[in-house]
Amino acid sequence: AVLCDLGGARDLLTVGGRSVLWGGPGGERDWGYPPRALALRRETVRALCRAQQPSSAGRALLATMARPVFVVARAAAAESLSGWTPLGNQPERFQPVFRNSEMAFYRWKDTR
């Protein structure tokens with residue numbers, strides 16, 4: 001799986017390792033990817049976590065990974081989606097997988 005977590009928390013990064021598409025600002029300095037590759041990963045995660053379609057380059061990156069993409073929404077994240085409504089209102093693109101009071105997981109489907 002590919003995990004997209006805008007919250008940038010260390011818990012998912014620790015458990016998911018390289019499955020996490022972007023490790024937050026702290027992870028950027030540790031991963032060793034070129035700056036342009038990190039920017040593409042960061043922008044792709046931001047788009048998905050804000051219930052937006054990633055750029056064509058972001059979609060191409062995800063396609064090369066050939067794995068299901070899961071988007072994480074956190075209640076306590078600074079850029080959290082309030083009540084995860086934007087993701088939940090788009091079931092054709094964001095299929096609910098799991099939710100509790102702190103976080104929710106949605107499986108993203110490229111509809112383009």
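One can find the structure itself at the top, above this paragraph.
In what follows, the accompanying structure is described. (Residues numbered from 1 in each chain as written. Predicted model: local features only at pLDDT ≥ 70, side-chain atom pairs only at ≥ 80, totals over all residues. Heavy atoms only, no water.)

1. What about helix 3 (residues 35–49)?
When the terminal C-alpha atoms of helix 3 are compared, their 21 Å separation across 15 residues agrees well with the 21 Å that a helix rising 1.5 Å per residue should span. All of the buried residues in helix 3 are Leu38, Arg41, Arg42, Thr44, Val45, Ala47, Leu48 and Cys49. Downstream of helix 3 by one or two residues, Ala51 has phi in the positive range, about 60°. (Helix = DSSP H or I, 4+ residues; strand = E, 2+ residues; numbered from the N terminus. Expected span 1.5 Å × (residues − 1). Buried < 20%, exposed > 50% of the residue type's maximum accessible area, 1.4 Å probe, protein only.)

2. Let's talk about the sheet that holds strand 3 (residues 94–99)
Strand order in the open sheet formed by 4 strands is 1-2-4-3, and the pairing between neighbours is mixed. Edge strands, defined here as strands with exactly one partner in the open sheet, are strand 1 (2–5) and strand 3. This sheet shows a mean twist of 25° between the axes of neighbouring strands, independent of strand direction. Two strands pair when backbone bridges link them, and strand 1 and strand 2 (residues 69–74) are joined in this way by 4 bridges, in the parallel orientation. Bridge pairing in strand 2 places Cys4 opposite Val71. (Pairing = 2+ DSSP bridges. Axes fitted to C-alpha atoms, helices over the stretch in contact; angles between N-to-C directions.)

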